[in-house]
Amino acid sequence: MSNHSHGFAYAYGPPDICKPGLILPILDERSWNVTFRTIVYTFGLLYFFLGVAILTDIFMASIEAITSKTRKIYVSKTKGKNLNGNYNMVTSVVAGLQEDEPEVIEVRIWNDTVANLTLMALGTSAPEILLSIIETVGHNFQAGPLGPGTIVGSAAFNLLVITSVCMLALSGSDTRRIHRLKVFVVTGLFSFFAYIWLFLILQVISVDVVELWESVVTFLLFPILTIFAYAADKGWCGLGVISKSKNKQQMELGPLRGDETEKELAERNFFKDGKLDKDSLVKFVREVKKYPGLTDEDAAVLAAAKLINSQPHSAMWYRIGAVRTISAGRRIQPILDARLQQVYNVIKTEKKTEVPEIRPTPDMQKNAVIEFHSATIAVKENIGKFAVTIWRHGNTENQVKVRVMTIDGTARKGEDYIAINEIVTFEKNQREQQLIVEIVNDNKWEPNEEFFLRLSLLRDENQNVELGRISIMEVTIIDDENPGIVMFEKRGTVVKESAGKVSVGVTRVKGSDGDISVKWKTIDKSAISGKDFEGGVGELFMKHGETFRSIEIPITNDLNPEKDEHFEIELFDATGGARVGRINRIAVTITNDDDFYNMMDRLMAKTNVNIDAIRVHSETWTQQIREAMLVKGGDIANAACSDYILHFFSFFWKVLFSFIPPPTIFGGWLCFFISLVGIGFMTAIIADLATIFGCLVGLEDTMTALTFVALGTSLPDTLGARTVTRMERYADGALIHITGSTAVNVLMGVGLPWFVAALYHHIKGTSFIVPSTGLGFSVLLYSICAIIATILLLARRNLAVFGKAEIGGPPAGKYITVAILLVLWVLYLVFSYFQIHGIINVNF
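All residue numbers refer to positions counted from 1 along the written sequence of the respective chain. Where local features are concerned, this predicted model is filtered to residues with pLDDT of at least 70; where side-chain atom pairs are given and counted, the filter is 80 or more; whole-chain, interface and lining totals use all residues. Only hydrogens and water are removed before side-chain values are computed, so all heavy atoms of the structure are retained for them.

Within an unreviewed UniProt entry, the label attached to the chain reads Calx-beta domain-containing protein, and the organism entered is Nezara viridula. UniProt positions are given in the numbering used here, feature names are shortened, and annotations may be inferred rather than shown by experiment. As its UniProt record puts it under Catalytic activity (unreviewed entry), the chain is described as follows: "Ca(2+)(in) + 3 Na(+)(out) = Ca(2+)(out) + 3 Na(+)(in)". The UniProt entry for the chain carries the following text under Sequence similarities (unreviewed entry): "Belongs to the Ca(2+):cation antiporter (CaCA) (TC 2.A.19) family. SLC8 subfamily."

Here we take up the overall build of the chain. Each helix is a run of DSSP H or I of at least 4 residues and each strand a run of E of at least 2, with the numbering of both proceeding from the N terminus. Secondary structure assignment for the chain yields 21 helices and 24 strands. The cut-offs for exposure are 20% and 50% of the maximum accessible area for each residue type, with area from a 1.4 Å probe on protein chains only; residues under the lower value are buried, those over the upper are exposed, and the others partly exposed. Across the 844 residues that make up the chain, the buried fraction comes to 49%.

For the rest of this paragraph, the subject is the packing of aromatic side chains. Only the six-membered ring of Trp is used, alongside the rings of Phe and Tyr, when aromatic pairs are assigned; centres must lie within 6.5 Å, and planes under 30 degrees apart are stacked while those over 60 apart are edge-to-face, with the rest tilted. Tallying each qualifying case throughout the model produces 22 aromatic pairs. With a centroid separation of 5.8 Å and 75° between ring planes, the pair formed by Phe157 and Trp825 is classed as edge-to-face. With Phe157 in helix α3 (residues 146–169) and Trp825 in helix α21 (residues 811–836), this pair connects stretches of sequence that are 668 residues apart. Relative to Phe768, the ring of Trp754 has its centre 6.5 Å away and its plane inclined at 75°; by these criteria the two rings are edge-to-face.

Simply put, the disulfide is a covalent bond whose two ends are the sulfur atoms of two cysteines. To count as a disulfide, a pair of cysteine sulfur atoms needs to be within 2.5 Å. Under the criterion given, the structure shown has 1 disulfide. What pairs with Cys18 in a disulfide is Cys695, and their sulfur atoms sit 2.0 Å apart. Across the disulfide from Cys18 to Cys695, rotation about the S-S bond amounts to roughly -90°, and the bridge is consequently left-handed. In this pair, Cys18 sits in the segment before α1 (34–67) while Cys695 sits in helix α16 (residues 669–697), placing the two residues 677 residues apart along the sequence.

Here a strand pair is declared whenever DSSP counts at least two bridges between the two strands. Spatial strand order, β11-β8-β6-β13: 4 strands in an open sheet with mixed pairing. Of all the strands in the sheet, the pair left with one neighbour each is β11 (432–438) and β13 (465–467). Looking at each pair of strands side by side, their axes are set apart by 30° on average, direction ignored. Two strands pair when backbone bridges link them, and strand β6 (residues 368–372) and β13 are joined in this way by 3 bridges, in the parallel orientation. Bridge pairing in β13 places Ile370 opposite Leu467. For every element, the axis is a line fit to its C-alpha atoms; helices are fit only across the contacting stretch, and the angle between N-to-C directions ranges from 0 to 180 degrees.

Glancing now at the side chain of Arg392. Mapped onto the elements, Arg392 comes out in strand β8 (residues 385–394). With no salt bridge to any partner, buried Arg392 finds its closest opposite charge in Glu427, at an N-O distance of 7.9 Å. Identification of polar contacts relies on pairs of N or O atoms within 3.5 Å, with a donor-acceptor requirement for protein atoms, meaning one able to donate a hydrogen and the other able to accept it, and with residues adjacent in sequence counted only if both atoms are side-chain atoms. Polar contacts involving the side chain of Arg392 include one to the main-chain carbonyl oxygen of Glu427, which spans 2.7 Å. For Arg392, the side chain forms a polar contact with the main-chain oxygen of Gln430, separated by 2.9 Å. In this tally Asp and Glu are treated as negative and Lys and Arg as positive; neither His nor the chain ends contributes. For this analysis, a salt bridge means a side-chain nitrogen from Lys or Arg found within 4 Å of a carboxyl oxygen belonging to Asp or Glu.

In this chain, Leu24 is followed by Pro25 through a cis amide linkage whose omega measures 0°. Summarising the element assignment, Pro25 is placed in the segment before α1. Although it is not a glycine, Asn140 adopts a positive phi angle of roughly 55°. Topologically, Asn140 is positioned in the loop between α2 (112–138) and α3.

According to the stated counting rule, one finds 12 salt bridges in the structure shown. When the shortest N-O distance is used, the salt bridge between Arg37 and Asp16 registers 2.9 Å. With Arg37 in helix α1 and Asp16 in the segment before α1, this residue pair connects regions lying 21 residues apart in the sequence. Look at Asp16 and you get buried, because its relative accessible area is 15%. Residue Arg30 pairs with Asp28 through a salt bridge whose shortest N-O separation is 2.9 Å.

Multiplying 1.5 Å by the residue count of a helix minus one yields the expected span of that helix. Over its 26 residues, α21 extends 37 Å from the first C-alpha to the last, a length consistent with the 38 Å expected when each residue adds 1.5 Å. For α21, the set of buried residues is Gly813, Lys814, Thr817, Val818, Leu821, Leu824, Tyr828, Leu829, Ser832, Gln835 and Ile836. Of the residues trailing α21, Gly838 is marked for its positive phi of about 75°.

Glancing now at the sheet that holds strand β16 (residues 492–496). Spatial strand order, β16-β23-β21-β18-β19: 5 strands in an open sheet with mixed pairing. This sheet does not close on itself; its edge strands, each paired only once, are β16 and β19 (537–542). For this sheet, the mean angle separating the axes of adjacent strands, direction not counted, is 25°. Pairing of strand β18 (residues 516–523) with β19, which is carried by 6 bridges, proceeds in the antiparallel orientation. Looking across to β19, one finds that Ser517 is bridged to Phe541.

What follows is about the nonpolar core. We define the nonpolar core as a collection of buried residues of types Ala, Val, Leu, Ile, Met, Phe, Trp, Tyr and Cys that are connected through side-chain atoms lying within 4.5 Å of one another. Within the largest apolar cluster, 116 residues are counted, with the highest numbers of intra-cluster contacts made by Tyr195, Phe657, Leu735, Trp754, Tyr782 and Tyr828. Tallying contributions element by element places α1 first for this core, with 14 residues. Note on contacts: a residue pair qualifies if any of its non-hydrogen atoms lie within 4.5 Å across the two residues. In this view, Leu735 contacts Thr163, Ile178, Phe184, Leu793, Glu806 and Ile807; residues no more than four positions away in its chain are not counted. Within the second largest apolar cluster, 26 residues are counted, among which are Val402, Val424, Leu455 and Ile477.

Next up on the list: the pairing of strand β7 (residues 376–380). The buried fraction of β7 amounts to 5 of the 5 residues, a majority that puts the element mostly inside the structure. Residue alternation in β7 divides its side chains into two sets, Thr376, Ala378 and Lys380 and Ile377 and Val379, and both sets are buried. In terms of strand pairing, β7 meets strand β14 (residues 472–478) through 5 bridges, oriented parallel. Along β14, the bridge assignment pairs Thr376 with Glu474.

Another point: the environment of Met405. Here Met405 lies in strand β9 (residues 400–407). Between the C-alpha atom of Met405 and that of Leu455, which follows or precedes it by 50 residues, the distance is 6.7 Å.

Glancing now at the pairing of strand β23 (residues 585–591). Every second residue of β23 is oriented toward a common face, the buried set being Ile586, Val588 and Ile590 and the non-buried set Arg585, Ala587, Thr589 and Thr591. Two strands pair when backbone bridges link them, and β16 and β23 are joined in this way by 5 bridges, in the parallel orientation. Residue Val494 lies in a different strand from β23, and its bridge partner there is Thr589.

Written out as structure tokens, the structure is:
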């Protein structure tokens, strides 16, 4: 008979081959096939790993909401001495402030280092910590092997395997150095000392017994670590001094990162204080608009990407993104297509001279565009038959067809011209086709008359073709054999700066016989070519009979609404017998754009929409539930087949956890505590699944914890660390998080349950027994591996063969480091297995 902790006892038959856990098994599984039962528990363990990762994502979103709170600080101007020794008012941080106007800046309430070591470390390590607490409390305050084993196994996996993954995440010889080295040293020393302290407790001071004072010291090391890390971050006790000459700039744009220059700092802070405002958006869009072919929607997407990526992000933020990747959840990073990514990369690297070629839109690449060569043509009544040019651009790889029909104007079909209704076929790679039009000469005087040629698509043809702008041509029948006079239609035109280009009409009057050309050039006035417009010299051609063509000049939109400037275009050197008319110059005025502010408001709105789409948490319950039910949170356009598969497996967990209050309620604290309770319940089930799974496959609990459980709980950290290494400029987000979470895992995940259990046994007058077999040896073995790995990382920082950086570097040095770290991890697992199963016996 086997008694279950939840009160159920088998009334008949033999006991189960595996001892029950806190909750599982719910059903009588004794008659199940062992292989089938193993498969069920394997998939159950994986499925609950996915569930606890998704729940931890929500938990960390609440932490993000809590730690992102800011408070306002009013900074007044200070008096400083000028070169003559007199006191002058020193302008504060922001240009444009009035003399007596203080500046208002916002600073985070939570210090980044304190937040990383407390709430953020708790968020990423919550499953391991709660697993240890639940196991100890659930077993009547007796020590269990699963919780501490998972913590030690996770530490080894994080330091050795995740560091290797970060090494391989960088391409080529790219490197990442630790910037806040003192914080890394503090967290690294504490993580190492924490495990040495565990070894001393279990093997030296009081063998196999944890006394109350030992558990108190273990738990108190956590706030001590926080204080030391905070001191290192603040530069107390000579640990670091901020240069006074940079104080003003740091207040304005934030702290410099390593060897970052002031120019790089300003570029990183395109949007001041990481916030979207109209002035910052104008500055950014002005930069973006240097690249032709970008729409307002493109500018809004790029602005959102720049705003998100320019902000420093914690390892927790990247871990949330990793979990949403494996669960097909709503993205938190902007997705740019190849065209926009090309522009963004140029902006990010400040290569202003390397303007990317903006390729045509996908439709232009796919479709053939067919149109007339000119919008108007004039012919003599006695011409008989003549050819009209139809041309194709865009995709020319396929055969395409288009219909051409005539439409009456003042000229009538049959009387003045022969009607046309035919299909014109363009063969592969054919760019022009000639359409034959016939004029009827009735030998009597008539005023000028006109009719029209119209292009239309074939309804039943499945072809990639579309009509261009000139899909209708006007044909004028005249009695004139003169090549004509070319001139502008008028002497001046006005264009808004936001129009993108100006189209200036050139007309041909008093004749249209023969092919002619005329040259044109732009003349700078208050508007300057290259700055306000793209001018130069060109030549305009008119075929026989054509009477109207346009000159298009690109207008540069520098988003400066105060100006009102102009330039001129001049016609000269007509050929083919034509001559230039009296209106040979036209003034083009670039006027103050009345729609400027409306345009910026639209861009602000579009940018905010893009930012809202990639925020960490949802604003309302309804929105949260809706996003949970849709693949990638509703971003169907960017969803791949793999996303639908991941969404299928994670659908239950996402919908279930979407009923947790969103982080916007009560400042995120309600979501924090409810998620924490949920993680506790999930880890209790994972503990049972792991224990029974290990029993079914013949593994000891400690070995199961060191391998499967540690790997399952650390997978989101692995993906997050890989992303933070690739996206951030320094290795702090990966390595400091590894050492910090390792220390917090031990001091919180072991110190808190041991303190509670030791206090319980102290009150009862009994001893809190913690068998050191396996665990003590694993702790010592990890400590040895940690020493070797840390020495290797510090050596990499100072050796050129490794690129003088902890992460990345030349391929040879990188692969050597990865090989050493992975060998250490394999040896750690092998020797732990040997010790647990008695193959080797190490006594201290």
